Amino acid sequence: MRHFGRLIWIVIYGISTVSCQVKVEGFISDSVLLPCIYREGPLPDQFNVHWRDKDDKIVLDINNRVQDLTTQDQVFKGRVRSFPDEYKAGNFTVVLEQARQSDSGIYECHVPKVDFQRRVQLTVAGKPVEAATPSGSAGGEVVTPNFPLLTLFLCCFVV
Ligand SMILES: *[C@@H]1O[C@H](CO)[C@@H](O)[C@H](O)[C@H]1NC(C)=O
């Protein structure tokens, strides 16, 4: 029975780990924000942050609070913005500009020094053709704006 209990724990933990993955939607040619916020504790003086895409391509490396644009994969060159002023607050959020459909997939933000990892699932879609219906009209599906941070809070609450 004790083993059974442990197994359940592992399954629950596995599910919650998987579900704690922020989903972000963006449109082709637009910018999308990929959030990564570390607030588990103080950051050491020296640390690196590694942003990787689904193919383990380098999206951005941040080495000791300085972004390193030399290691970036060709695919991401000139399209990734990060916010150095936010690093000290543990905010390693990046903005991916000129989003392409092929950018869709899982992104990982990894801070090895503090054993921190966040995943963002990005979906880039074509812009919906704007139907000139007033908002809130009956029948139509309401397109809600994206709240990645809300998602993040929710999923971390669940965990
Ligand atoms: C993190 O930085 C981004 C870019 O400046 C900002 O939009 C976002 O609100 C910040 N998030 C938090 C929780 O500070």
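Quick notes on the rules
- Residues numbered from 1 in each chain as written.
- Predicted model: local features only at pLDDT ≥ 70, side-chain atom pairs only at ≥ 80, totals over all residues.
- Heavy atoms only, no water.
- UniProt positions renumbered as here; feature names shortened; annotations may be inferred.
- Core = buried A, V, L, I, M, F, W, Y, C linked by side-chain atoms within 4.5 Å.
- Buried < 20%, exposed > 50% of the residue type's maximum accessible area, 1.4 Å probe, protein only.
- Helix = DSSP H or I, 4+ residues; strand = E, 2+ residues; numbered from the N terminus.
- Pairing = 2+ DSSP bridges.
- Axes fitted to C-alpha atoms, helices over the stretch in contact; angles between N-to-C directions.

The chain is annotated in an unreviewed UniProt entry as CXADR-like membrane protein isoform X2 from Lates calcarifer. Comment text from UniProt for the chain, heading Subcellular location (unreviewed entry), reads "Cell membrane".

Student: With reference to specific residues and values, describe the nonpolar core.
Tutor: Formed by 27 residues in total, the largest nonpolar core has its most connected members in Leu34, Val49, Trp51, Phe92, Tyr107 and Leu122. Sorting the residues of this core by element identifies β1 (22-27), β2 (32-34), β3 (48-52), β4 (58-63), β7 (94-96), β8 (105-111) and β9 (116-125) as the ones contributing at least two each. No other element matches the 4 residues that β9 contributes to this core.

Student: Could you give me a rundown of the sheet that holds β7, with the residues and numbers involved?
Tutor: Sheet strands line up and pair through hydrogen bonds in the backbone, either parallel or antiparallel. Reading across the sheet, the 3 strands line up as β2-β7-β6 and stay open at both edges, with antiparallel pairing between neighbours. Either end of the sheet is taken by a strand with one partner, and the two such strands are β2 and β6 (80-82). This sheet shows a mean twist of 25 degrees between the axes of neighbouring strands, independent of strand direction. The pairing of β6 with β7 spans 3 bridges and is antiparallel. Across the sheet, Val80 pairs through a bridge with Leu96, a residue of β7.

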